[in-house]
Amino acid sequence: MIIFKMLDDRDVFQFFYIRLLMNRLIQKSSYSDELEATMLTKLKNQSGYEYTTKMERMFHDMTLSKQLQEEFKEWVKTGEYVIGMGFQATVISSCTWPYPITEENLNLPQELVSGLDAFLIFYCTKFSGRKLTWALGRSTGELTTKIFKNSHTFVVSSYQMTLLLLFNERDSYTRKEILEFSKIDQELLDQVITPLLQIDLLHFNDGTNYNLNLNFRHKNFKINVQNVFHPQIKKVNEEEIKSIEESRQFVMRAAIVRIMKTRKVISHEGLIEEVISQLNSRFHPTIQSIKVS
């Protein structure tokens, strides 16, 4: 926390920390839940309760989601709906998590649709008036193959799983056919299929057909395909900077309202000094930005 204490723009740190925390929670890649909780406590002690409110809500969502998943397992055991595969859904509230939940254009195979349909029936039976939107871009799964000399389990994204399940029917597809069957955007297809080509699971012959490599070999039984392809870390884009600036405007306006409710009457210079004093623990507002607010 020594470095954190020296930060001027703690709201920028908060912005990116929340997004990295989101990835760890959804992908279940945290080293320890206890360490995550300890870090939140330290952040709260340094910057106040409001600083970690959204992060704590994210942890609360994960706790509720685990409970919901256990209830779903018990519901499936009643035999009301047959899935035919292992299925887990993480339910989060869209207003808390910094992930834009939008309908995604992906034609899921029937093997995956059965799990989604079952959970949707269970969820709508338990809760009325709520809507589930599937974040397929964040979804992962495991596929076990028995066609090769040695059996392998592939950890893949929902998009990669959709592509690989096509090869249950045929050993070869043209690029046009894959785009037609999966409904994946052409630009996104390259990102999805590149890791499968890199591990030699698929071959792209003559730039026209994607063929399943029936002689596939790998030293590992379990292969995390998502970790094979490492795109370059993107730079901070304009939308992220704009989001931080907009958030600062709301914080400054809230501070002005709190001060005026308490003080009733205050000089212009005094108001600016008070706003700067209250917000120094989050960021250093400029006089011009306070005037704009």
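One can find the structure itself at the top, above this paragraph.
Read on for a plain summary of the structure. (Residues numbered from 1 in each chain as written. Predicted model: local features only at pLDDT ≥ 70, side-chain atom pairs only at ≥ 80, totals over all residues. Heavy atoms only, no water.)

What follows deals with the packing of aromatic side chains. Summed over the entire model, instances satisfying the criterion amount to 20 aromatic pairs. Between the aromatic rings of Phe72 and Phe87, the centroid separation amounts to 6.2 Å while the plane-to-plane angle is 70°, which identifies the pairing as edge-to-face. You can see Phe72 sitting in helix α4 (residues 49–77) and its partner Phe87 sitting in the loop between α4 and α5 (110–126), a full 15 residues away along the chain. Taking the relative accessible area as the measure of exposure, Phe87 reaches 15% and is therefore buried. Considering the side-chain rings of Tyr173 and Phe181, the 6.0 Å spacing of their centres and the 85° angle between planes classify their relative orientation as edge-to-face. The class of Phe181 is partly exposed, set by a relative accessible area of 33%. An aromatic cluster of three or more residues is present, and its members are Phe72, Trp75, Phe87, Phe119, Phe122, Tyr123, Phe127 and Trp134. Against the face of Phe127 rests Arg130, its NZ or CZ located 4.0 Å from the ring centre. (Phe/Tyr/Trp six-rings, centres within 6.5 Å; stacked < 30°, edge-to-face > 60°. Helix = DSSP H or I, 4+ residues; strand = E, 2+ residues; numbered from the N terminus. Buried < 20%, exposed > 50% of the residue type's maximum accessible area, 1.4 Å probe, protein only. Lys NZ or Arg CZ within 6 Å of the ring centre and 35° of its normal.)

Turning next to the layout of surface pockets. Rolling a probe over the atoms, with the probe sized like a water molecule, indicates the empty space that remains. Empty space within the second largest pocket amounts to approximately 550 Å³. What lines the second largest pocket is a set of 19 residues, and nearest its centre among them are Gln14, Ile18, Lys54, Ser247 and Arg282. Considering each element in turn, the lining of the second largest pocket owes the most residues, six residues, to helix α9 (residues 238–263). A per-class count over the lining of the second largest pocket returns eight nonpolar, four polar and seven charged. (1 Å grid on protein atoms, 1.4 Å probe; cavity = no way out; pocket = protein on both sides within 12 Å on 5 of 7 lines; lining within 4 Å. Points joined across faces, edges and corners; volume = space filled by probe spheres on them. Nonpolar A, V, L, I, M, F, W, Y, C, P; charged D, E, K, R; others polar.)

A few words on the pattern of salt bridges. Oppositely charged side chains can form a pair if their charged atoms are brought close together. Applying the stated rule across the entire model yields eleven salt bridges. A salt bridge links Arg170 to Glu177, with the nearest nitrogen and oxygen atoms 2.8 Å apart. Relative accessible area serves as the criterion here: at 34%, Arg170 is assigned to the partly exposed category. Among the salt bridges present, the one from Glu274 reaches Arg263, with a minimum N-O distance of 3.7 Å. Residue Glu274 is located in helix α10 (residues 268–279), and its partner Arg263 is located in helix α9; the two are separated by eleven residues in the primary sequence. Under the relative-accessibility criterion, Glu274 is labelled partly exposed at 27%. Exposure remark for Arg263: the relative accessible area of 43% places this residue in the partly exposed category. Residues joined in a network through salt bridges with shared partners are Asp9, Asp11 and Arg248. (Salt bridge = Lys/Arg side-chain N within 4 Å of Asp/Glu carboxyl O.)

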